[in-house]
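Residues per chain, in single letters:
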Amino acid sequence: MLRLLAGGLILFGSAGFSFKLCQEMRQRMRHIEQMQEIFRLFQSEVAYSRASFPEVCMAVSDRIAEPFRTVMKEIYAQVMEKSGVRFPEIWRTKMGQCLENMPLKEEERNIFLEFGNRIGFIDWETQAGMIEKSREQLEELYVKSKSSMENKEKMITSIGILGGLMLVIILI
């Protein structure tokens with residue numbers, strides 16, 4: 001009876017672990033979608049309002065989800081303090097802290113962090129082009145990840161359950 005209970009717990013634990021890995025992959029995709037939406041909003045704000053980037057961050061902050069909402073407001077506040085720190089450095093620092101605990105790959109994280117260095121041109125058309133370039137890079141990564149994610153989810157779930165079942169058979 002005790003072995004049967006242990007076997008059930010092992011099977012339950014291995015299945016739970018595989019489901020958790022799949023959940024992290026889906027969460028990563030949601031974060032990439034949020035980042036793309038931020039770039040779309042930036043692009044429309046720059047094109048239509050032609051505001052400075054700190055102001056764009058503030059305007060966009062009300063239309064995006066957490067944790068990005070708070071970070072955008074913090075970026076705006078720090079720039080308005082006129083502490084002498086340039087916008088790209090503030091962007092990299094604040095976004096680095098925000099993205100730190102997200103399940104993103106390094107390449108995805110770098111596109112978003114390097115964005116601060118790509119903007120700041122006087123010409124709003126150039127800024128809009130740079131935003132579009134960053135959004136397209138994220139889009140490419142998203143499409144690649146999305147196509148492989150579905151297969152990976154099936155494989156991870158199968159391996160998790162079958163691995164747990166094999167371990168139960170070996171131990172019982």
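Residues numbered from 1 in each chain as written. Predicted model: local features only at pLDDT ≥ 70, side-chain atom pairs only at ≥ 80, totals over all residues. Heavy atoms only, no water.

Caption draft 1: Here's a closer look at helix H5 (residues 106–118). End to end, H5 covers 18 Å across 13 residues, agreeing with the expected 18 Å (1.5 Å per residue, within 8%). The set of residues buried in H5 consists of Glu-108, Arg-109, Ile-111, Phe-112, Leu-113, Phe-115 and Gly-116. Those residues of H5 that are buried lie in contact with helix H1 (2–48), helix H2 (53–61), helix H3 (68–80), helix H4 (87–99) and helix H6 (124–171). (Helix = DSSP H or I, 4+ residues; strand = E, 2+ residues; numbered from the N terminus. Expected span 1.5 Å × (residues − 1). Buried < 20%, exposed > 50% of the residue type's maximum accessible area, 1.4 Å probe, protein only. Contact = heavy atoms within 4.5 Å.)

Caption draft 2: Structural detail: the environment of Ala-77. By the element assignment, Ala-77 lies in helix H3. Given a relative accessible area of 37%, Ala-77 falls into the partly exposed group. Remark: the alpha-carbon pair of Ala-77 and Tyr-142, spanning 65 residues in sequence, is separated by 31 Å.

Caption draft 3: Representation of the nonpolar core within the structure. Counting residues in each nonpolar core, the largest one holds 38 residues, and the members touching the most others are Phe-42, Phe-53, Phe-68, Ile-75, Trp-91, Met-95 and Phe-112. Elements with a contribution of two residues or more to this core: H1, H2, H3, H4, H5 and H6. For this core, the element with the most residues is H1, which contributes 10 residues. (Core = buried A, V, L, I, M, F, W, Y, C linked by side-chain atoms within 4.5 Å.)

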